[in-house]
Amino acid sequence: MAMNETQKTKAAALRSEMKKLDPATYQDIRESYYRIADNLRPLVDALEKADADLGPNGPLLEEYYIFCEMLDRLNKSYLGAVV
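As the structure is a prediction and not an experimental result, all values here were calculated from the model.

A.B. asks: So what's going on with the overall build of the chain? Which residues, and what values?
C.D. replies: Counting its regular elements, the chain contains 4 helices and 0 strands. Dimensions along the principal axes, computed over C-alpha positions, put the chain at roughly 50 × 30 × 15 Å. Within the span of the chain, comprising 83 residues, buried residues form 18% of the whole. Considering only contacts within the chain whose residues lie at least 6 apart along the sequence, 67% involve residues at least 24 apart. Taken as a whole, the chain presents about 6200 Å² of accessible surface, with 56% of it coming from carbon and sulfur. Across the chain, the 11 positively charged side chains and the 14 negatively charged ones have centroids separated by 10 Å.

A.B. asks: If you had to explain the confidence of the model for the chain to someone new, which residues and values would you point to?
C.D. replies: Per-residue pLDDT for the chain has a mean of 94; in total, 100% of the residues score no lower than 70. Mean pLDDT values for the elements of the chain range from 94 in helix α4 (residues 79-82) up to 96 in helix α2 (residues 23-54).

A.B. asks: Pulling in residues and values, what's your account of the packing of aromatic side chains?
C.D. replies: What the rule picks out here adds up to 2 aromatic pairs. Taken together, a centroid distance of 5.2 Å and an interplanar angle of 85° make the contact between Tyr 33 and Tyr 34 edge-to-face. Between Tyr 64 and Tyr 65 the ring centres are 5.5 Å apart and the planes differ by 55°, which places this aromatic pair in the tilted class. With relative accessibility at 16%, the residue Tyr 64 sits in the buried group.

A.B. asks: Report on the packing of α2 against helix α3 (residues 59-76), specifying residues and quantitative values.
C.D. replies: Two elements in contact, α2 and α3, have axes whose closest approach is 9 Å; the angle formed by their N-to-C orientations is 150°. If you check the angle between α2 and α3, you find them roughly antiparallel. Both α2 and α3 take part in a crossing whose hand is left-handed. Counting all contacts with α2, which are made through Tyr 33, Ile 36, Ala 37, Leu 40, Arg 41, Leu 43, Val 44, Leu 47, Glu 48, Ala 50, Asp 51 and Leu 54, the residues of α3 involved are Leu 60, Leu 61, Glu 63, Tyr 64, Phe 67, Cys 68, Met 70, Leu 71 and Leu 74. When grouped by side-chain class, the residues that make up the contact of α2 with α3 number 17 nonpolar, no polar and 4 charged.

Cut-offs and rules
For every chain, the first residue of the written sequence is number 1, and numbering continues from 1 onward in sequence order. Residues qualify for local features only when their pLDDT is at least 70, as the model is predicted, and side-chain atom pairs are given and counted only at 80 or more; totals for whole chains, interfaces and linings, by contrast, use all residues. For side-chain calculations, the full set of non-hydrogen atoms in the structure is used, while hydrogens and water are omitted. Only DSSP runs of H or I with at least four residues qualify as helices, and only runs of E with at least two residues qualify as strands; both kinds are numbered from the N terminus onward. The buried label goes to any residue with under 20% of its type's maximum accessible area, the exposed label to any with over 50%, and the partly exposed label to all in between, with areas taken from a 1.4 Å probe on protein chains only. Note on definitions: a residue-residue contact is assigned when non-hydrogen atoms from the two residues lie within 4.5 Å. Using a 1.4 Å probe, the Shrake-Rupley method yields the accessible areas, and only the shown protein chains count as cover for residues. Under the counting rule used here, the positive set is Lys and Arg, the negative set is Asp and Glu, and His together with the chain ends is not counted. For charged residues, the charge sits on one atom: NZ in Lys, CZ in Arg, CG in Asp, CD in Glu. pLDDT is defined as a per-residue confidence score from the predictor, taking values between 0 and 100. Ring geometry is summarised as follows: Phe, Tyr and Trp rings, the Trp one being its six-membered ring, pair when their centres sit within 6.5 Å, and such pairs are stacked at plane angles under 30 degrees, edge-to-face over 60 and tilted between the two. Every angle, taken between N-to-C directions, lies between 0 and 180 degrees, and every axis is a line fitted to C-alpha atoms, over only the stretch in contact when it is a helix. Angle categories: roughly parallel below 35 degrees, roughly antiparallel above 145, roughly perpendicular from 65 to 115, and oblique for all the rest. By convention, the crossing between two helices is left-handed when the near helix turns anticlockwise from the far helix through less than a right angle, and right-handed when the turn is clockwise. All amino acids are sorted into three groups, where Ala, Val, Leu, Ile, Met, Phe, Trp, Tyr, Cys and Pro are nonpolar, Asp, Glu, Lys and Arg are charged, and the leftover types, Gly among them, are polar.

Below is the structure:
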């Protein structure tokens, strides 16, 4: 989805700050972000499936909701547009 002007401004501000970091720190942040981004969706999907397999309203459902919130927050971050 295309960013609106406010989102572009926030991403630009973040990009500007990230450029001030030393290269090793920037790379650590970049790699860590992608490890999370690459693995969070499969975790959410696996928890959803496991909960469905075990039955409704179990403890996996609560975990599923927690990680859905994390995925939602990750999707709201501008870091992915910067790194």
